[in-house]
Amino acid sequence: MDNFIKSIKNATTPDLGDDNYLNDTFANKLKSAVTLLDKNPQTKILTLNTGGLGGWDDHNEARGYVTRMEYLFRALRSATAHLKAIDKIGTINIMVFAEFGRNVNLNSAFGWDHGNLQNLYVIGGKNYFTHKGVVGETVLDVTGKLNRLWLKPKSGTYTFEPMSIASTLYQLYGIENPNELTSWSFEPLNILA
């Protein structure tokens, strides 16, 4: 393991020209993840948080949002160029999403409150993901309250249940122990013993 870690640490990144990674915390994490996935094909899934880009809980004064998005998408552009340079754009993909959605418009404090829908960006993985375009439709739900507009799934539109998305991804990557990965059963806790 020590030799493997050293080989990852000493791996060189191809020259990506104008798309070279910026030297910031999130870009460096993404570069390390792409390198690890390239050097260790047994690794199927890595999860990164956006640490290094600042907080995203923008209920008030969401002025830093544009800058954070620019850094995020710059790092993603570099990672895409990296995947192309190592000829892995077809077998490695990057998915970007949040843990919850936000409202459509700014609230009275110039921020976004929690909403019920969100975006999912999929980059690379063209050998797996061949569909382009929109799946499902949304409609605007006007609540009548100031700055409280919601998007919700249009009646009859196609929706996804989270565990069915997870099982599809596991199958795409050849992960064959779904019982371990999707088990929600827990042993009861006996606090009286």
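Since this is a predicted model, take the numbers as computed values, not measurements.

> Outline the environment of Tyr128, listing residues and values.
Take Tyr128: it is sitting in the loop between β4 (121–124) and β5 (138–142). Not counting chain neighbours up to four residues away, the residues in contact with Tyr128 comprise Gly90, Thr91, Asn93, Leu172 and Tyr173.

> Before we move on, can you summarise the pattern of salt bridges with the specific residues and values?
Applying the stated rule across the entire model yields four salt bridges. Lys6 is the salt-bridge partner of Asp2, the closest N and O atoms lying 3.3 Å from each other. Note that Asp2 and Lys6 are positioned in helix α1 (residues 2–9) at a spacing of four residues, about one turn of the helix. A relative accessible area of 44% places Lys6 in the partly exposed class. Here Lys88 ties to Asp38 by a salt bridge, and the two come within 2.8 Å at their closest N and O atoms.

> Any details on the confidence of the model for the chain? Residues and values, ideally.
Mean pLDDT over the chain: 80, with 84% of residues reaching 70 or higher. Under a pLDDT of 50 for its full length, residues 186–193 has, in the predicted model, zero contacts with residues more than four places off or in other chains.

> Lay out the packing of aromatic side chains with the relevant residues and their values.
Tallied over the entire structure, the rule returns three aromatic pairs. Seen in terms of ring centroids, Trp56 and Tyr65 are 5.9 Å apart; in terms of plane orientation they differ by 90°. Their pairing is edge-to-face. Owing to a relative accessible area of 26%, Trp56 belongs among the partly exposed residues under this scheme. Accessibility expressed as a relative area gives 29% for Tyr65, which makes it partly exposed. Between Tyr65 and Trp112 the ring centres are 4.8 Å apart and the planes differ by 55°, which places this aromatic pair in the tilted class. Here Tyr65 is found in helix α3 (residues 65–85), whereas its partner Trp112 is found in the loop between β2 (101–102) and β3 (114–115), with 47 residues between them in sequence. The positively charged end of Arg68 is found above the aromatic ring belonging to Trp56, 4.7 Å away from the centroid.

> Would you mind going over the environment of Lys84 in detail, with residue names and values included?
Relative to the elements of secondary structure, Lys84 occurs in helix α3. Sequence separation between Lys84 and Leu16 is 68 residues; the distance between their C-alpha atoms is 9.5 Å.

> Account for the environment of Thr50, with residues named and values stated.
Looking at where Thr50 falls in the secondary structure, it is placed in the loop between α2 (25–39) and α3. Looking at Thr50, the relative accessible area reads 28%, which means it is partly exposed. A C-alpha to C-alpha distance of 9.4 Å links Thr50 and Ala27, two positions 23 residues apart in sequence. Apart from residues lying up to four places away in sequence, Thr50 is in contact with Phe26, Lys29 and Trp56.

Scoring rules and cut-offs
Residues numbered from 1 in each chain as written. Predicted model: local features only at pLDDT ≥ 70, side-chain atom pairs only at ≥ 80, totals over all residues. Heavy atoms only, no water. Helix = DSSP H or I, 4+ residues; strand = E, 2+ residues; numbered from the N terminus. Contact = heavy atoms within 4.5 Å. Salt bridge = Lys/Arg side-chain N within 4 Å of Asp/Glu carboxyl O. Buried < 20%, exposed > 50% of the residue type's maximum accessible area, 1.4 Å probe, protein only. pLDDT = per-residue confidence, 0-100. Phe/Tyr/Trp six-rings, centres within 6.5 Å; stacked < 30°, edge-to-face > 60°. Lys NZ or Arg CZ within 6 Å of the ring centre and 35° of its normal.

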